Amino acid sequence: MVRFLYTLVILLFTFSTAMAQSPVEHCATMEQDSINRVLYPQLGELSDFERVLQQKIREIEKRKKSSRTADEILTIPVVVHVIHKGESVGSGSNISLAQIQSQLEVLNEDFRKKVGTNGENSSSVGADIELEFCLAILDEEGKTLSEPGVHRYNGNKDKWTRSEIEGVLKPATVWDPDKYYNIWTLDFGGEDDRLLGYAQFPSQTSLPGLPANGGPASTDGVVVSYRHFGSSEKGNFPVLQAPYNKGRTLTHETGHYLGLRHIWGDGGCGADDFVSDTPDSDRESRGCEKGRTSCGVVNMVENYMDYSDDGCMNIFTRGQKTRIRAVMEISPRRNTLAFSNLCSPNVAASPEANFRADADTVLRGSTVSFTDLSLNFPDELKWTFEGAVPATSTQKNPRIVYSDSGSYSVSLIAVNELGSDTLVREDFIYVSPQGVCSDTTNFFGTPTLLPVPVEGETGYLSGHNSLKHRAKAEYFDNKLGYKYINRAKLKFAKALASKEDATVKVTVWNARGPQGSPGAILEEAEVLINRISADIENDQYTEVIFSRLTPVFGRGFYVGIQLSYDGDTVAITTTKDGEALISTAWQQNDSLEWEPYTIEYGINVAHDIRPVLGMFPSVQISTSDLYIQPGEKVTMNAKGASVFSWNSSDGTVSNHLGPQLIVYPYQTTTYTLNGSGMELCDSTASLTIYVNAPTGSNEDLNEKVKVYPNPTNSKVQFEINNEWIGNVNLELINSFGQNIERKSITKNKREISDEIDFSAFGPGLYILQFKKNDEIIRKKVIVVK
């Protein structure tokens, strides 16, 4: 599956123009980022990171204008993982220390705009990034490296594809990315044999933690072909291949590693690299096309983030500097690099305690992962966690559970033979009163049914109307990072079915459409409109259990209804206009375009919808049919747990074990599923199968009972003409399977008649059940108002 995802995304993002113009694929950072976001949806969209980054950039620019701060020169320690196949040092892919040192020299020339180098450009917007790179002199255990900044690793392979690098090589060789800038040199092969290099973009502070087994922390860094790592201008390195033999591949990929995008924005004119002082361009540059113009301006082909030859590149701009410095402030694993103190020859010192948590606002029952960032190689760590289990730990990176709501402090004591240091962070972890399984709502106001606010039109704002809106949806920001939506409760204000089996689709969308509108459908479930009518009559929510595990990946989502126009009428309860706290209600118009109510009508309401969310899954049921004829086959499947047990309301199923249940019901029956064997938010789910006709006996009992008028708005008359003699039990059942009225009638002759008054009941589908001993007759009655 993983292999398939890699192949799929690589095919989608292949640069056909670039491949036609050059014998190499210069950079695969954008493609790899797309792959990572498919494999790890918790990362969110690249645009999520961009929003946070742009806010930090504005803060930095404001500081510069006030002249209150000056940029500090930051030093980043580097470890180069030299991946070889057993060659001697200095041969083939087992490149020499001198070649590595030549590359670091170029990297510092470019990022520091050093006088006398290619990076000392004459452009007025050219910038000294004030970042330096050094080869680390200590390994992860604090031992001195025999070759500074070099880790040689025999991979026993000639060539590597990106899927092999990401899935196997990087996790096996990466050094702590909070302290080291990890660089891998190797020989690309397979579908990637023409690739120069690629990087991993920085991550965003507010995104949820990633899986420990293969998340982006274990793949963080840059990969460069060993044939394009180093500079032929600084030594005789025969493996280097022109025109990418002057060390600019690493400069380019390091730009990505620090948050820079390609200068042409990976699109045509108007595509954005989010830097104001880099000119627009219609495409990447090749060779050294100085003076090339597109998009009405002269293109900056000399920029390190273009695809020009190494000898042509010479500039980072001031805007790119601001962007890099913003990343160094906000991004995990970037903002700790400059403080790891791994390049100074005098590193023996008492520790400096420091740590990070993957979240500082969590749910009751959540697990928080802590990461030790202490400097100077402590031999011992002593953690104290207020209000948590365990309350103390000596592990380097402990995982701690918080069960009770409140604000809690965390302390860390770091110790080595030269001393100790204590860091205490008061009120560092806030535990929300909500648990790992909870519902949420935006509805805080007066239950209201609003007409569509367009003169001359009919129908409802939150449902069917003459404008033929196709869907109504409510946005949920999911700030607490729930992983799954297990079910949803919707409070309807209006429901009228044109036929007994009419349904409406309750739907979950992601929030990745244009301008944050509803995007892809994550799940949908059909609900009988007559059931909704009964729920309205009983003043209760219509609860929908989805038929499969529906992940929302800790991100925002929408819940609502899709509307078809077959004569039905459905509308969701809303608040009054102005009672909603924020704009969360959206609609899809007849042109299938999404728009918020606030923009389309100037109306601010919230739908009364309550998603049931969880950090764990819940048991769920899918069915082959919902509304059947007597005795038809129905197949139900269970999901969400590892052990399942089924029961039915009619007693025909009792503790049936297994994930599948096949039944042939002759009457409307509710089936209850219990799940176990793993941690669940809800271990029970129910599903009602509606049967269209009653059962019979030795004679055709159904034909011997008549009910009229049907549909009705008040009373119905019934006639029983059969062999029954004695007491007959009569029950009235609503569409939710609940008995709402019972009485006994005396049948002392073959044919009798009586009436039932429905005027006190709301519109919807009802069942009249006549029972004599073991024989049952059922008749459907439709009430309209």
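The numbering scheme is per chain: residues are counted from 1 as the chain's sequence reads. Totals for whole chains, interfaces and linings use every residue, but because this is a predicted model, local features are given only for residues with pLDDT of at least 70 and side-chain atom pairs only at 80 or more, for both listing and counting. Hydrogens and water molecules were not included; the side-chain quantities draw on all heavy atoms of the structure.

Chemist: Describe the layout of surface pockets, with residues and values.
Modeler: Here the second largest pocket is characterised by a volume of approximately 650 Å³. Only protein atoms enter the 1 Å grid used here. Points where a 1.4 Å probe fits but cannot escape make up a cavity, open sets with protein on both sides within 12 Å along at least five of seven lines make up a pocket, and a residue lines them when an atom lies within 4 Å of a point. In this structure, the second largest pocket is lined by 24 residues; those nearest its centre are E526, R531, I545, L626 and L687. Put simply, DSSP H or I for four residues or longer makes a helix, DSSP E for two residues or longer makes a strand, and each gets a number counted from the N terminus. Within the residue set of the lining of the second largest pocket, elements represented by two or more residues are strand 23 (521–528), strand 24 (542–545), strand 30 (620–623) and strand 37 (684–691). With six residues, the top contributor of residues to the lining of the second largest pocket is strand 37. Put simply, Ala, Val, Leu, Ile, Met, Phe, Trp, Tyr, Cys and Pro go in the nonpolar bin, Asp, Glu, Lys and Arg in the charged bin, and everything else, Gly too, in the polar bin. Residue composition of the lining of the second largest pocket, by class: 11 nonpolar, seven polar and six charged. Grid points are joined across faces, edges and corners, and a volume is the space filled by probe spheres set on the points.

Chemist: I'd like a description of empty space enclosed by the protein, backed by residues and values.
Modeler: Scanning the model with the defined rule gives two cavities of 30 Å³ or more in all. Looking at the second largest cavity, its volume works out to about 40 Å³. Around the second largest cavity, the lining residues are L730, E731, L732, E741, R742, K743, I756 and L768. Contributing elements (two or more residues each) for the lining of the second largest cavity: strand 40 (726–734) and strand 41 (739–747). For the lining of the second largest cavity, a count of residues per class yields four nonpolar, no polar and four charged.

Chemist: Hey, could you go over the pairing of strand 2 (residues 74–84) for me, with residue numbers and the actual values?
Modeler: Counting buried residues along strand 2, 10 of its 11 residues qualify, which places the element largely inside the surrounding structure. A strand pair is defined by DSSP finding two or more bridges across the two strands. Note: strand 2 against strand 5 (residues 181–186), five bridges, orientation parallel. By the bridge assignment, V80 is partnered in strand 5 with I183. Across five bridges, the pairing between strand 2 and strand 4 (residues 150–154) is parallel. Directly across from V80, in strand 4, lies its bridge partner V150. Partly exposed residues are those whose accessible area sits between 20% and 50% of the maximum for their type, while under 20% is buried and over 50% is exposed, using a 1.4 Å probe and protein chains only.

Chemist: So what about the state of the cysteines? Which residues, and what values?
Modeler: Here, a disulfide means two cysteine sulfur atoms that sit within 2.5 Å of each other. A complete count under the given rule lists four disulfides for this structure. Sulfur-sulfur distance for the disulfide between C134 and C343 comes to 1.6 Å. Of note, the bridge from C134 to C343 carries an S-S torsion of about 70° and is right-handed in sense. Of the two residues, C134 is situated in strand 3 (residues 131–135) and C343 in the loop between helix 8 (318–330) and strand 10 (355–357); the sequence distance between them amounts to 209 residues. Residue C343 is classed as partly exposed on the basis of its relative accessible area, which comes to 23%. Disulfide pairing is shown between C437 and C681; the S-S distance is 2.0 Å. Across the S-S bond of C437 and C681 the torsion is about -80°, and the bridge reads as left-handed. Of this pair, C437 sits in strand 18 (residues 437–439) while C681 sits in the loop between strand 36 (669–676) and strand 37, placing them 244 residues apart in sequence. When its relative accessible area of 32% is taken as the criterion, C437 is described as partly exposed. Using a relative accessible area of 22% as the deciding quantity, one classes C681 as partly exposed.

Chemist: Now, about the sheet that holds strand 34 (residues 654–657): what can you tell me, with residues and values included?
Modeler: Taking strand neighbours across the sheet as the criterion, the five strands line up as 31-37-36-33-34 in an open arrangement whose pairing is mixed. Looking along the sheet, the strands with just one partner apiece sit at the ends: strand 31 (627–628) and strand 34. Sheet topology places strand 31 next to strand 37; two bridges connect them, and they run parallel. Bridging from a neighbouring strand, Y627 pairs with Y690 of strand 37.

Chemist: Requested: an account of helix 9 (residues 529–537), with residues and values cited.
Modeler: Note that an α-helix has 3.6 residues per turn; residues three or four places apart therefore point the same way. When you tally the buried positions in helix 9, you get seven out of nine residues, the bulk of the element. When helix 9 is considered as a whole, its buried residues turn out to be I529, N530, R531, I532, S533, A534 and D535. Trailing helix 9 by a residue or two, D539 shows a phi angle of about 55°, which is positive.

Chemist: Any details on the pattern of salt bridges? Residues and values, ideally.
Modeler: Any carboxyl oxygen of Asp or Glu that lies within 4 Å of a side-chain nitrogen of Lys or Arg is treated as forming a salt bridge with it. In the structure shown here, the tally under the stated rule is 37 salt bridges. With a shortest N-O distance of 4.0 Å, E380 and K382 are connected by a salt bridge. With a relative accessible area of 36%, E380 lands in the partly exposed category. A salt bridge links R610 to D608; the nearest nitrogen and oxygen atoms lie 3.7 Å apart. For D608, a relative accessible area of 3% translates into the label buried. One network of salt bridges, in which partners are shared, links D282, R283, E289 and R292.

Chemist: Pulling in residues and values, what's your account of unusual backbone geometry?
Modeler: In the segment running from A242 into P243, the intervening peptide bond is cis, with an omega of 5°. Cis geometry marks the peptide bond from V389 to P390; its omega dihedral reads -5°. Inspection of the secondary structure assignment puts P390 in the loop between strand 13 (380–385) and strand 14 (392–393). With a phi close to 55°, N478 is a non-glycine residue in the positive phi region.

Chemist: Could you give me a rundown of a nonpolar patch on the surface, with the residues and numbers involved?
Modeler: Patch criteria: residues need more than 30% relative accessible area and no salt bridge. Like-charged residues are merged within 9 Å; nonpolar side chains of Val, Leu, Ile, Met, Phe, Trp and Tyr are merged within 5 Å. For every accessible area listed, the method is Shrake-Rupley and the probe measures 1.4 Å; residues are considered covered only by the protein chains on display. Together, F444, L581 and I582 make up a nonpolar patch on the protein surface, roughly 370 Å² of accessible area in all. Counting through the fold element by element, F444 comes out in the loop between strand 18 and strand 19 (471–476).

Chemist: I'd like a description of the sheet that holds strand 13, backed by residues and values.
Modeler: Across the sheet, which stays open at both edges, the five strands sit in the order 11-17-16-13-14 with mixed pairing between neighbours. Strands at the two margins of the open sheet, each flanked by one partner only, are strand 11 (361–364) and strand 14. With six bridges joining them, strand 13 and strand 16 (residues 406–416) adopt antiparallel strand pairing. Residue L381 lies in a different strand from strand 16, and its bridge partner there is A414.

Chemist: Tell me what's going on with the environment of T575, and back it up with residues and numbers.
Modeler: Note that T575 resides in the loop between strand 26 (569–572) and strand 27 (585–588). Each C-alpha atom, one on T575 and one on F444, is 7.2 Å from the other, the two residues being 131 residues apart in sequence.

Chemist: Quick one: what's the story with the packing of aromatic side chains, residue by residue and with numbers?
Modeler: Each pair of aromatic rings taken from Phe, Tyr and Trp, with Trp reduced to its six-membered ring, is defined by centres within 6.5 Å and is described as stacked if the planes are under 30 degrees apart, edge-to-face if over 60, and tilted in the remaining cases. The tally for this structure, following the rule as stated, stands at 24 aromatic pairs. Ring centres of F355 and F428 lie 5.5 Å apart, and the angle between their planes is 90°; this geometry places the pair in the edge-to-face category. On the criterion of sequence distance, the pair formed by F355 in strand 10 and F428 in strand 17 (residues 419–435) is long-range, its members being 73 residues apart. The structure contains a cluster of three or more aromatic residues connected by ring pairs, namely F111, F133, Y181, Y257, Y304 and F316. Look at NZ for Lys and CZ for Arg. If either is within 6 Å of the ring centre and within 35 degrees of the ring normal, a charge sits over the ring. Sitting above the plane of the Y198 ring, R162 keeps its charged end 5.8 Å from the centroid. Above the face of the Y257 ring, R334 is positioned so that its terminal group lies 3.6 Å from the ring centre.

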